[in-house]
Structure formats: structure tokens, C-alpha cells
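# Chain and residue survey
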Amino acid sequence: MMKVAIDFGISNTDIAISNGTNVDFFTLPSKKIDHSILDEIFSHLNIDVKDVDMIAVTGGKSDSLESIYKNIEVIKINETDAIGKGVIEIYSTHEPFLAISAGTGTACIHHQNGEFNYIGGIAIGGGTLRGLSNLALNNLSIDEVTKKAIVGHRDNVDLLIGDVVNDIGVLDSSVTASNFAKLKKADDASEDDIAAAILNMIGEVIGTIAYLNAALCGLNTVHFIGRVSTNEYIKNAIDERLKLANMQGIFEDNREYGTVIGALKHITTN
């Protein structure tokens, strides 16, 4: 028999399926949650519900689903708990930690003594990347934006510390003083430069909220999950921002499925 976990994100719906030995992951574009959503998911993945003995759901408005689906129990899991359990599973840790879930937006979760607490979030993430790319880069895909960013030069767009002062303590001259401050009109920079500035800004903001919350929790490491953290350009920007505070970001494989892994863990261990 299989156990199925579903994380209804704003942009993507992640599914994890365990047969007791292996776990398979799938991702579908998110749709409105209604009475037919589970039918659609199982049909799309060609899953026979007779082979399923338990379903876990988290995220979105999943708590509006019925508690029984075709005689199968549907366990509704708080997203904070799913994120926390996902971090424990992916990073094999039970120590206190700060987790950053970087998806369409960004959430901060603190774990201590087996308790998970949401300690804040920001409205910057993959949704920001998609929206700004649509606005400034003619609806390019995220992969296309990233390719442009790699060859772009954000210092043609961003005002850097070295542009405005000679010395500001420990800050390197390449640290951003003001995002996009050099743009006066739309054609002041190339698409490559703008792509680099967009991705860098998102990484800087996530990295900043990460180190501020880690400092409040008395920690010097941050555990990341979420699809945005798998973008190498954004990840590098996060790391550079963490280094300013002498902190370390930890990035493990499969972290894009962190929340659904936590939901699956909940029903395989309880």
C-alpha cells in the first residue's frame, strides 16, 4: 500500500508517494482546491486509489478538503509543522534550527525541543521573480532569466557600496547600497544586467531576513528548503548576504520538496 502526501503551494503542488521502500516526487502547477482536486491529481499521476491507504495534505486551503476521500483518511497537517518535519528529515537533525522556506514567498520557522514556530515571513520569493521577469524581461521563463543573469553585470543596475563611500567598516565595496538605483530609464541596462539584478535582489532579501532571524534565535546557521533556494544565482546571493553576518546557509538535496517530505514523514511515523 502507498502513502501519499500533497503540498498545495501557491505556484506548485508537490506530491510525495511512498510504497514503504522508495519515495517518488512529482510537481504540478497549482489549481484552485475544490472537491475534484484529488481526483485530478490521482488521475494525472495514474495512481489507483485502491493502492493508497493514507493521504496527507498541507499548504494552501487544504484544510477545506473532506477528511475522507474514497474511504481513505485525509490527514491535514499545519504547514509550519510540515516545514519543520521536512527539515528534520532532509537534514537529519533534532537540534534547534532556523528554517527558511523559500517558495512563492518566504517563511521563517524556528525549531526547539520538538516544537515548530512560525516567526515571520516576507512577500519576496519566486512570485516576485516571476512578476518582475514578466514586467521587465518580456515573460521569459525562470531558466531563461537565470541564463541571462549569469552573463549579466548587476553593477550596471545596482548602486554598490564602492560607488558611494570609500570605507564602511567590514562591508566589501561590492555590497549593494541600493537595488536598481542606477536605472534612470528602461534602456539604461541590458536584459542580462536586469536579470542579474532581479535574482540578486531576491537572494539578498532572503539572506537578510535569514540572518536577522537566526541572530534573534541565537543561531549561526540557516537550513533552507523551497524551490527558490535551488536557483544557483539566488543561492549565491543568499550566501553572500549570510557571510556579512558570519553565518552559514545549509542547502541539502531534495530541499525543493521539503514541505511535502515533512507531510509524508508525519503519516509514516504517526
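Below or above, wherever it landed, is the structure these notes cover. (Residues numbered from 1 in each chain as written. Predicted model: local features only at pLDDT ≥ 70, side-chain atom pairs only at ≥ 80, totals over all residues. Heavy atoms only, no water.)

## Re the layout of surface pockets
Here the largest pocket defines a volume of roughly 850 Å³. The wall of the largest pocket is formed by 40 residues, among which Gly-103, Thr-104, Gly-105, Arg-227 and Val-228 lie closest to the centre. Broken down by secondary-structure element, the contributors of at least two residues to the lining of the largest pocket are strand E1 (2–8), strand E2 (12–18), helix H2 (79–91), strand E8 (106–112), helix H3 (126–136), helix H4 (142–151), helix H7 (232–244) and helix H8 (258–269). Looking at the lining of the largest pocket, the element that brings in the most residues is H3, giving 4 residues. Split into classes, the residues belonging to the lining of the largest pocket amount to 12 nonpolar, 19 polar and 9 charged. Computed from the structure, the second largest pocket encloses a volume of approximately 320 Å³. Lining the second largest pocket are 16 residues, with Arg-154, Ser-174, Asn-200, Glu-204 and Glu-240 positioned closest to its centre. Contributing elements (two or more residues each) for the lining of the second largest pocket: helix H6 (191–216) and H7. In terms of residues, the lining of the second largest pocket owes the most to one element, H7, which gives 7 residues. Taken together, the residues of the lining of the second largest pocket break down into 5 nonpolar, 4 polar and 7 charged. (1 Å grid on protein atoms, 1.4 Å probe; cavity = no way out; pocket = protein on both sides within 12 Å on 5 of 7 lines; lining within 4 Å. Points joined across faces, edges and corners; volume = space filled by probe spheres on them. Helix = DSSP H or I, 4+ residues; strand = E, 2+ residues; numbered from the N terminus. Nonpolar A, V, L, I, M, F, W, Y, C, P; charged D, E, K, R; others polar.)

## Some words on the state of the cysteines
Taken as a whole and judged by the stated rule, the model has 0 disulfides. Cys-108 takes part in no disulfide bond, and the closest cysteine sulfur to it belongs to Cys-217, at a distance of 8.7 Å. Take Cys-217: its relative accessible area is 24%, and that puts it in the partly exposed class. (Disulfide = S-S within 2.5 Å. Buried < 20%, exposed > 50% of the residue type's maximum accessible area, 1.4 Å probe, protein only.)

## Points about unusual backbone geometry
In the Ramachandran plot, Ser-92 falls in the positive-phi region, its phi being about 50° despite a non-glycine side chain. Counting through the fold element by element, Ser-92 comes out in the loop between H2 and strand E7 (97–102). With a phi close to 55°, Asn-113 is a non-glycine residue in the positive phi region. If you trace the backbone, Asn-113 turns up in the loop between E8 and strand E9 (115–122). Overall, the relative accessible area of 71% leaves Asn-113 in the exposed class.

## With respect to the sheet that holds strand E4 (residues 52–58)
As summarised here, the arrangement of the 6 strands in space is E3-E2-E1-E4-E6-E5, forming an open sheet in which the pairing is mixed. This sheet does not close on itself; its edge strands, each paired only once, are strand E3 (23–29) and strand E5 (68–69). In this sheet, E2 lies alongside E1 in antiparallel orientation, the contact comprising 6 bridges. From the neighbouring strand, Ala-5 faces E2, where its bridge partner is Ala-16. (Pairing = 2+ DSSP bridges.)

## Thoughts on the sheet that holds strand E13 (residues 248–251)
Read across the sheet, 5 strands follow the order E9-E8-E7-E12-E13 without closing on themselves; strand pairing throughout is mixed. One side of each edge strand has no neighbouring strand; the edge strands of this open sheet are E9 and E13. Sheet twist, expressed as the mean angle between neighbouring strand axes with direction ignored, is 30°. Sheet analysis places E8 next to E9, joined by 7 bridges and oriented antiparallel. Within E9, the position partnered with His-111 by the bridge is Phe-116. (Axes fitted to C-alpha atoms, helices over the stretch in contact; angles between N-to-C directions.)

## What to know about the packing of aromatic side chains
With the rule as written, the count across this model stands at 3 aromatic pairs. Plain terms: the ring middles of Phe-42 and Tyr-69 are 5.6 Å apart, the flat faces sit at 25° to each other, and that makes the pair stacked. With Phe-42 in helix H1 (residues 37–44) and Tyr-69 in strand E5, the pair connects residues that are 27 residues apart, well separated along the chain. Using a relative accessible area of 3% as the deciding quantity, one classes Phe-42 as buried. Judged by its relative accessible area of 9%, Tyr-69 falls in the buried class. Measuring from centroid to centroid gives 4.6 Å for Phe-224 and Phe-251, while their planes differ by 10°, and the two rings are stacked. Taken as a pair, Phe-224 in strand E12 (residues 221–225) and Phe-251 in strand E13 lie far apart in primary sequence, 27 residues in all. Each member of the pair, Phe-224 as well as Phe-251, is classed as buried. In this structure, Arg-227 is placed above the aromatic ring of Tyr-257, and the distance from its NZ or CZ to the ring centre is 5.6 Å. (Phe/Tyr/Trp six-rings, centres within 6.5 Å; stacked < 30°, edge-to-face > 60°. Lys NZ or Arg CZ within 6 Å of the ring centre and 35° of its normal.)

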